[in-house]
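Geometric and topological summary
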Amino acid sequence: MNKGSLARKVGLAAIATLTAFAGLAPFAPGASAAANYTQVRYQGEDRFETAAVIADAIAEATPTAVIARADIYPDALTGAYEAANSDDAPILLTRSDDLPQTTINALEANNVDNVVLLGGPDAIEPGIETELEGLGYNVERRQGRTRYHTAIAIAEAGGTIGTIDGERAALVASGENFPDALSGAPLSFAAFLPSLLVPKDVDDADPGVEAILRGYVADVVGSLEGMSIERVYIVGGAEAVSEEIEDEFTAAGITPFRLAGANRGATSVQVFEFGMEEGIYTNRRFGLARGDTFPDALAYAPLAGRSRSTVAPDTGVADTGGSSNGLLLANGTCDILDEVATFIAENSDTWTQGEILGGPEALCEELAAEVDQLASAGFVGISLNETSTNVGGTITGNVSGDDIQSVSVSGCGLNNQTVNRDANGNFSLTLPSSQTTDCTLVFTTTFTDGRTETDTFQIVTTVQFTDTQGGTQTLTDTFTVTPAGITPPPVSTTGGVSAGPQLQTTGPDLLRGRSLGRAQRTTVRTRFGTSSTRP
C-alpha cells in the first residue's frame, strides 16, 4: 500500500494562489480532530451479503426493494433515483440467472412486498422475475433498449424531481464507466435528482456509429426536456463526458454545471463538497468504497442518501445542515488517492462516523486503519503573510493546529531550521542574502504521535534598481549577484524590463522586493513517520 504524499485539495491550492497574488495571506485551515470519531464496516461474505447487511442497517421496514445485477453495472448505475422514488427502498443484488438465497432472506427480513428489477431480460433473466412472483412479490421492471434508455426509463418513472437553487435538476454521468455515477448516487437519492447516462463522446470514425451515439444523446436531452429539467450536473470531467455533449444541454436551454476532479477519487470529493455546500450532506459522516468496482458503492446509496441522525463532534464545529452523507472512492483495495485522504484529514474536526463498505478483500484492514487515523488525526495550517521578498528579506507567517511537536523549514538557503513561534503561532524567517533567485520553502511539521506533514510555498525573489535616466526597473530572477555588482540581462520587453533606458549596474543600487508572480502552494502529508512522493 502506498502511504505516500498527500497533496492539498485543488480548491485550497487555487485559493492560496489567488490570495497570494492579491497580497493576502494564503488560506490554510488548522483543525483539531473530533475525539468522538468512530468507524464501522458493513461487510458480508460476498457482494450479495454486503448489500443485505447495508439494507439491514437502514433499520426500517421498506415495502419496496430494488434489485440490480451484481456483475455488470450499466442498468444498475442510476438505480438510486428509482430507490428514492420507491419508498426509500434498499438496493439488493442478484446474478443474471440465479437469485441468491441471501437476497431472498433480505427481502423477507425487510418485509418487502414490491420488487423493481433494473434492466431487461438480457440483464436479469425472466426466470428471476418468475421466481420472485412465485414467492409472492409484485414485480416491475425498468428497462430500455440500451443502458442509456434504461436510465431514461428509471428517470421518467420517478414521481418526484428535486430542485437546486429553485430549479429542477438532474445528474448526468458517463455510461461507459461507473465511478462518477456511483459518486453521484447518494446525491441522487437524497435530493431526488434523476440520473441519466450519456456516451463519453459522439465523435467516431464510422459515420454510422457516430449517428447512433448522437441519437443516444438526443434521446437523453429529449427526456430532460420532457421532465422540465432546468439544470444538469455533469459528474466527471471532459474526459468522461465531452464538452460537445455539454453543449447539447446548453443548446436545449438546460444549464450545465460540472462536478469534476482530476481522478475518480477527486470527483467523489467534489460531489461530496457540493452536497455539503447545498445543505444536503452532513459534514459529520462519510462512506468509503472501492472505486474500481461497483456493487458495494451501489448498494450503499440508499443508506447514505436517506435522512439519519448524526452525532455532534466534541470540537463544537457546526453541521452543514444536511442529514444525508456523501460517498468517497478509494483507488482499489489498499490505496487511497491523495485528494480523498486530504479531504478526510482536513475535515477531521467534524467527522464523528466513517462507514467502510465491504470486507477486507474489498477494502483492506490497513486502509481502514489509515482512514481512521486520517479522520481522527487533526490538521495543521501554515500560512504566509508574503510570498515575495527582496534579497536577504523576511518572510512572516503563522502555524495553527493541535498536537504539534515541532516545525522546521528548509529551502531558500535554509537547512532544516527550527521555526520559532510565539504563543499565537506567529513566526518570522530571514532569508540569506545569498538567495537571489526564486526558491521553495518547505515546512515540515512533526506531530506528537509521530506523523509529519509538509507544506510547500514558492517564494519570488525580486530586485529593483535605478536606471541611468533616474527611473526604476524591476527584474525578477534574472540577476547574477557578484562582488562587482549586478549583471543585468539583455534589455527586452519581458520580465518587467522596458526596452527604453539603459540599465546602470554600478553605483547606489536599490534592492527592494515586490511581488510579480503568483505563489503556488502544495501540501504533503505523511503518516507512520514515512515520506514518499506519489507520481
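Below is a summary of the structure that appears in this document.

Re the nonpolar core
Counting 99 residues, the largest nonpolar core has Leu224, Phe249, Phe286, Leu328, Ile344 and Val371 as its most contacted members. Ranked by residues supplied to this core, first place goes to helix 11 (residues 295–305) with 7 residues. Beyond its immediate sequence surroundings of up to four residues, phenylalanine 249 is in contact with Val172, Val198, Val221, Leu224, Val232, Ile234 and Ile254.

Concerning the packing of aromatic side chains
Under the definition given, this model contains 14 aromatic pairs. Ring centres of tyrosine 73 and phenylalanine 178 lie 5.3 Å apart, and the angle between their planes is 65 degrees; on these two criteria the pair is classed as edge-to-face. One end of the pair, tyrosine 73, is in the loop between strand 2 (64–69) and helix 3 (79–84); the other, phenylalanine 178, is in the loop between strand 7 (167–174) and helix 7 (179–191), and 105 residues separate them in sequence. Each member of the pair tyrosine 73 and phenylalanine 178 is classed as buried. Relative to phenylalanine 443, the ring of phenylalanine 427 has its centre 5.6 Å away and its plane inclined at 55 degrees; by these criteria the two rings are tilted. Of this pair, phenylalanine 427 sits in strand 19 (residues 426–430) while phenylalanine 443 sits in strand 20 (residues 439–447), and the two are 16 residues apart along the sequence. Taking the relative accessible area as the measure of exposure, phenylalanine 427 reaches 5% and is therefore buried. In this structure an aromatic cluster arises from ring pairing among Tyr37, Phe272, Tyr281, Phe286, Phe343 and Trp351.

Brief notes about the sheet that holds strand 2
In spatial order, the strands read 3-2-4-5; together these 4 strands make up an open sheet with parallel pairing. Looking at which strands have only one partner, the edges of the open sheet turn out to be strand 3 (91–94) and strand 5 (138–142). On average, adjacent strands in this sheet sit at an angle of 30 degrees to one another, irrespective of strand direction. Strand direction decides the pairing type here: strand 2 and strand 4 (residues 114–118), joined by 4 bridges, are parallel. The partner of threonine 64 across the bridge, within strand 4, is asparagine 114. Sitting on the sheet, helix 4 (residues 101–109) touches strand 2, strand 3 and strand 4, and the angle it makes with strand 3 is about 155 degrees. Where helix 5 (residues 126–134) meets the sheet, its contacts fall on strand 2, strand 3, strand 4 and strand 5, and the angle it forms with strand 5 comes to roughly 155 degrees.

Some details on the packing of helix 7 against helix 10 (residues 264–277)
Packing of helix 7 against helix 10 leaves a shortest axis separation of 9 Å and a crossing angle of 20 degrees. Of the possible angle classes, the one that applies to helix 7 and helix 10 is roughly parallel. Here helix 7 runs over helix 10; the crossing is right-handed. The segment helix 7 lies against helix 10, with Pro179, Asp180, Ser183, Gly184 and Leu187 engaging Arg264, Thr267, Ser268, Val271, Phe274 and Gly275. Grouping the constituent residues of the contact of helix 7 with helix 10 by class yields 4 nonpolar, 5 polar and 2 charged.

Focus on the pairing of strand 10 (residues 255–259)
Two elements, strand 9 (residues 231–235) and strand 10, share 5 bridges in a ladder whose sense is parallel. Its bridge partner lying in strand 10, tyrosine 233 is registered against phenylalanine 257. A crossover links strand 9 with its parallel partner strand 10, the connecting element being helix 9 (residues 243–251), and its sense is right-handed.

Focus on the state of the cysteines
According to the stated counting rule, one finds 2 disulfides in the structure shown. Bridging cysteine 334 to cysteine 364, the disulfide has an S-S length of 2.1 Å. Taken together, the residues cysteine 334 in the loop between strand 12 (327–330) and helix 12 (338–346) and cysteine 364 in the loop between strand 13 (353–357) and helix 13 (365–375) connect sequence positions 30 residues apart. For cysteine 334, a relative accessible area of 26% translates into the label partly exposed. There is a disulfide in this structure between cysteine 412 and cysteine 439, and the S-S distance comes to 2.0 Å. Between cysteine 412 and cysteine 439 the sulfur-sulfur dihedral comes to about 100 degrees; the bridge is accordingly right-handed. Here cysteine 412, found in the loop between strand 17 (404–411) and strand 18 (414–418), pairs with cysteine 439, found in strand 20; they are 27 residues apart in sequence, far enough to count as distant. Judged by its relative accessible area of 9%, cysteine 439 falls in the buried class.

Examining the pairing of strand 18
Sheet analysis places strand 17 next to strand 18, joined by 3 bridges and oriented antiparallel. Following the sheet pairing, serine 408 is matched in strand 18 by threonine 418. A loop of 2 residues connects strand 17 with strand 18, the two strands running antiparallel in sequence, and cysteine 412 in this loop sits at a positive phi of about 55 degrees.

Observations regarding helix 8 (residues 207–226)
Counted at 1.5 Å a residue, the expected span for helix 8 with its 20 residues is 28 Å, and the 28 Å between its end C-alpha atoms agrees. Those residues of helix 8 not exposed but buried are Leu213, Tyr216, Val217, Val220, Val221, Ser223 and Leu224. End-on view of helix 8: buried residues confined to an arc of 160 degrees, all on one side of the axis. Opposite the buried face of helix 8, by more than 90 degrees, sit the exposed residues Pro207 and Gly226. Contact partners of the buried residues in helix 8: helix 6 (147–157), strand 7, strand 8 (195–198), strand 9 and helix 9. The N-terminus of helix 8 is capped by aspartate 206, whose side-chain oxygen sits 2.8 Å from the backbone nitrogen of glycine 208. Just downstream of helix 8 lies serine 228, where phi reads positive at about 60 degrees.

A short note on the pattern of salt bridges
Where charged atoms of side chains with opposite charge meet at close range, the side chains can pair. By the definition in use, this model includes 17 salt bridges. Of the charged contacts in the structure, one is a salt bridge between glutamate 355 and arginine 308, with a shortest N-O distance of 2.9 Å. Of the two residues, glutamate 355 is situated in strand 13 and arginine 308 in the loop between helix 11 and strand 12; the sequence distance between them amounts to 47 residues. Here the two residues glutamate 355 and arginine 308 agree in accessibility, since each one is buried. When salt bridges with common partners are traced through the structure, they connect Asp203, Glu210, Arg214 and Glu244 into a single cluster.

Cut-offs used in this document
Residues numbered from 1 in each chain as written. Predicted model: local features only at pLDDT ≥ 70, side-chain atom pairs only at ≥ 80, totals over all residues. Heavy atoms only, no water. Core = buried A, V, L, I, M, F, W, Y, C linked by side-chain atoms within 4.5 Å. Buried < 20%, exposed > 50% of the residue type's maximum accessible area, 1.4 Å probe, protein only. Helix = DSSP H or I, 4+ residues; strand = E, 2+ residues; numbered from the N terminus. Contact = heavy atoms within 4.5 Å. Phe/Tyr/Trp six-rings, centres within 6.5 Å; stacked < 30°, edge-to-face > 60°. Pairing = 2+ DSSP bridges. Axes fitted to C-alpha atoms, helices over the stretch in contact; angles between N-to-C directions. Parallel < 35°, antiparallel > 145°, perpendicular 65-115°, else oblique. Left-handed = near helix turned anticlockwise from the far one by under 90°. Nonpolar A, V, L, I, M, F, W, Y, C, P; charged D, E, K, R; others polar. Right-handed = clockwise from strand over helix to strand, strands pointing away. Disulfide = S-S within 2.5 Å. Expected span 1.5 Å × (residues − 1). Arc of directions from axis to C-beta. Polar contact = N/O pair within 3.5 Å; in protein donor to acceptor, adjacent residues only side chain to side chain. Salt bridge = Lys/Arg side-chain N within 4 Å of Asp/Glu carboxyl O.

Fair warning: the whole summary comes from geometry, so function is off the table for now.
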